[in-house]
Amino acid sequence: MALSFKGHTVVVTGAGGGLGRAYALLFAARGANVVVNDFNKEAAQKVVDEIVRAGGKAVTNSASATDGQAVIKSALDAFGGITILINNAGILRDKGFRNMVDKDWDQIMDVHLKGSYACSKAVWPIFRRQRFGRIVNTASAAGLYGNFGQANYSAAKMGLIAFTKTLAREGIKYNIKAVCIAPMAASAMTATVMPPEVLANFKPEFVAPFVVAVTHPDGPEASGRVFEVGAGYVAEIRWERSRGAIFKTDASFTPSAAKLEAASKLPPNPQSDPPVRFDGQTVIVTGAGAGLGRAYALMFARLGANVVVNDVSEKGASAVVSEVAKAGGKAAPAVCSVEDGEGIVKVALEKFGGVHALIANAGILRDKSFTSMTEQEWDAVLAVHLRGTYKCVKAVWPVFHKQKYGRIVTTASSVGIYGNFGQANYSTAKAGIIGFTRTLAIEGKKYNIVANTIAPSAGTAMTATIWPQEMVDAFKPDYVAPVVGYLSSSANQSTSGTLFEVSGGWAAQTRWQRAGGHGFPTKTALEPEHIVAKWGVITNFDDGRATHPTTTAEAMAQFAENFGNAGEPKAKL
């Protein structure tokens, strides 16, 4: 049976061309009322004209996606409601990280993250009242794997994955479903980064049917999940975690500790030889006035490093500096916002003459259900976690680049990996940091700059606001610090662009696992019903065909294998 959208109203942002246009045309052809949003009024009007000529119903909207209320108002005014939102609007500001400026970063965050937040926020109360809603957010291969010259874009696109997962969790009660896609499709935007002969295989018409299928009331269950789609190939992708290593949490749990399989009754952890040390090096730790940051600062000082203790609290920073000094170490405070990356690095250069490692740890919480979350709460968390990390890395990058050495450890969270109720802002920021760091690893490789991300769980003043006291006591920051120490040391020569979950003396790598997926014929039209018919294959991780792509090139390989697929699609449902 054909999937009809009669009676539904769909808002598609960035619909003046490319993927957005393909979505708008297909939804309209299936009976939906469509709001064609694009900042280019003429482009939007052309799409509306196409729809109307074909007998459909559509109106234009030229508001910025960051003005979600204005975008959604067009649907309410023209059609009296809205049931489906496709957050598709996007821009590129590609540059090598060394040459990227704040404007390049901020514009990408505004359009991709703030725009998706603003439009989703505007439809949320409507969807809740009517107990139905569908949201599709748009990630990208650059977000999943990182990509040279796209540190800003990678951060934004990975951020949308966790944003989607959190919306899916919060929407369950109200039949609001959210799905995230990482599409490969030809557009004016992708034409700036992909050659024409490759783009010819990535028609938007091979992505649109998937979006239509998963947004239908009777469509397959896709909420909270992520899919790679393009060139007739479709596959689900999910996080997969290794069993990890368990360490004995005593004084022998240092950056030099070897991997073990059990802990509580084992002898002290064996140590590497030579031991991991930081003599003659300077390490910056942000958010170091308490909790994890304090544990890191004290550890680095014990291991011979000069430590720059950054915190917005002068009292907290000074107290940690004093602790370091009393133990015979060297430290200097940098009392300022983490967004003042240049100021923090200036302290390192003036006090110690250099900087060799950055531990981007500073963070805040502004937890609220998505219904209750304010724009200010969204902005504050994104500013400290994501923009703050960017600003500090941006400040150390030329130093690392010049000396051809640098170590960066950024801080995500399990919430950024899996999403969590009441933390749409926090999960988005933390996931963004993962995508950002992966691109840093790619761009830094030539210059011996190593970058990794940890997702720690530790008892701190911040987690104490949401954890029971027994958890706070059991998961000491000291049990995370040694992993950070190793990753940020010169002993770590090869591990880069990797994500680790760390907690209570346990550490494990988390990576992407992609289902084998399904390649549809590229010589015939792909329909939403074909997607539904192959859903079991698209989402099957257990048939022996699952892969673990780590780069955009590896991800592209399976898409490329489907170029020229001339097979016949299976019969429609």
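Residues numbered from 1 in each chain as written. Predicted model: local features only at pLDDT ≥ 70, side-chain atom pairs only at ≥ 80, totals over all residues. Heavy atoms only, no water.

1. A look at the pairing of strand β1 (residues 9-12)
Neither face of β1 is exposed, since Thr9 and Val11 on one face and Val10 and Val12 on the opposite face are all buried. As defined by bridge partners, β1 adjoins strand β2 (residues 33-37) across four bridges and the pair is classed as parallel. Looking across to β2, one finds that valine 12 is bridged to valine 36. The parallel pair β1 and β2 is bridged by helix α1 (residues 18-29), and the resulting crossover is right-handed. (Buried < 20%, exposed > 50% of the residue type's maximum accessible area, 1.4 Å probe, protein only. Helix = DSSP H or I, 4+ residues; strand = E, 2+ residues; numbered from the N terminus. Pairing = 2+ DSSP bridges. Right-handed = clockwise from strand over helix to strand, strands pointing away.)

2. Some points on the side chain of lysine 394
Following the sequence through the fold, lysine 394 ends up in helix α12 (residues 375-403). Among buried Asp, Glu, Lys and Arg side chains, lysine 394 stands out as unpaired, with aspartate 102 the closest opposite charge at 7.0 Å. At 2.6 Å, the side chain of lysine 394 forms a polar contact with the backbone oxygen of phenylalanine 97. Only 2.6 Å separates the side chain of lysine 394 from the backbone oxygen of methionine 100, close enough to count as a polar contact. Other than its neighbours up to four places away in sequence, lysine 394 contacts Phe97, Arg98, Asn99 and Met100. (Lys, Arg positive; Asp, Glu negative; His and termini not counted. Salt bridge = Lys/Arg side-chain N within 4 Å of Asp/Glu carboxyl O. Polar contact = N/O pair within 3.5 Å; in protein donor to acceptor, adjacent residues only side chain to side chain. Contact = heavy atoms within 4.5 Å.)

3. Quick word on the domain arrangement of the protein chain
Each assigned domain of the protein chain is listed here: domain 1 (9-240 + 513-561) and domain 2 (273-453 + 476-498). Averaged C-alpha coordinates put domain 1 and domain 2 at centres separated by 32 Å. Here domain 1 and domain 2 share an interface that buries about 3400 Å² over both sides, 61% of which is from carbon and sulfur atoms. Inspection of the region where domain 1 meets domain 2 yields five salt bridges. Here aspartate 379 ties to lysine 114 by a salt bridge, and the two come within 3.1 Å at their closest N and O atoms. Those elements that provide at least two residues to the side of domain 1 that touches domain 2 are α4 (102-130), α5 (141-145) and α6 (151-171). A total of twelve residues in the side of domain 1 that touches domain 2 trace back to one element, the largest contributor, which is α6. Residues of the side of domain 1 that touches domain 2, tallied by class, amount to 18 nonpolar, eleven polar and ten charged. (Domains from an automatic or database assignment. Buried area = accessible area lost by both parts, 1.4 Å probe. Nonpolar A, V, L, I, M, F, W, Y, C, P; charged D, E, K, R; others polar.)

4. A short note on the nonpolar core
A general feature of soluble globular proteins is that nonpolar side chains tend to end up buried together. If you look at the biggest cluster of nonpolar residues, it comprises 76 residues, and the most contacted ones within it are Ile72, Phe97, Ile284, Leu386 and Phe436. Among the elements that make up this core, the one with the highest residue count is α12 (13 residues). Here this core spans two domains, since at least three of its residues come from each of domain 1 (9-240 + 513-561) and domain 2 (273-453 + 476-498). In this structure phenylalanine 436 touches Phe97, Trp105, Ala151, Ser154, Ala155, Thr389, Tyr390 and Val393, once residues within four positions along its chain are discounted. Within the second largest apolar cluster, 43 residues are counted, among which are Val12, Ala15, Ile181 and Trp535. (Core = buried A, V, L, I, M, F, W, Y, C linked by side-chain atoms within 4.5 Å.)

5. Here's the deal with the pattern of salt bridges
For the structure on display, the rule yields 21 salt bridges. Of the charged contacts in the structure, one is a salt bridge between lysine 95 and aspartate 104, with a shortest N-O distance of 3.1 Å. A residue is classified by how much of its surface remains accessible, and lysine 95, at 35% relative accessible area, is partly exposed. Residue arginine 387 is joined to aspartate 102 by a salt bridge in which the shortest nitrogen-to-oxygen separation is 3.7 Å. Here the residue arginine 387 occupies a position in helix α12, and aspartate 102 occupies one in helix α4, the gap between them amounting to 285 residues.

6. Overview of the packing of aromatic side chains
Inspection of the entire model under this criterion finds 20 aromatic pairs. A ring pair is formed by tyrosine 117 and tryptophan 378, whose centres lie 4.3 Å apart and whose planes are at 20°; its orientation type is stacked. Separated by 261 residues along the polypeptide, tyrosine 117 in helix α4 and tryptophan 378 in helix α12 bring together distant segments of the chain. By the burial criterion, tyrosine 117 is buried, and tryptophan 378 matches it. Their ring planes at 70° and their centres at 5.8 Å tell us that phenylalanine 163 and phenylalanine 370 sit as a pair that is edge-to-face. With phenylalanine 163 in helix α6 and phenylalanine 370 in the loop between β13 (357-360) and α12, this residue pair connects regions lying 207 residues apart in the sequence. Here phenylalanine 163 and phenylalanine 370 have matching classes, each one buried. Here a set of aromatic residues connected by ring pairs shows up, and it is made of Phe97, Trp105, Tyr390, Trp397 and Phe436. (Phe/Tyr/Trp six-rings, centres within 6.5 Å; stacked < 30°, edge-to-face > 60°.)

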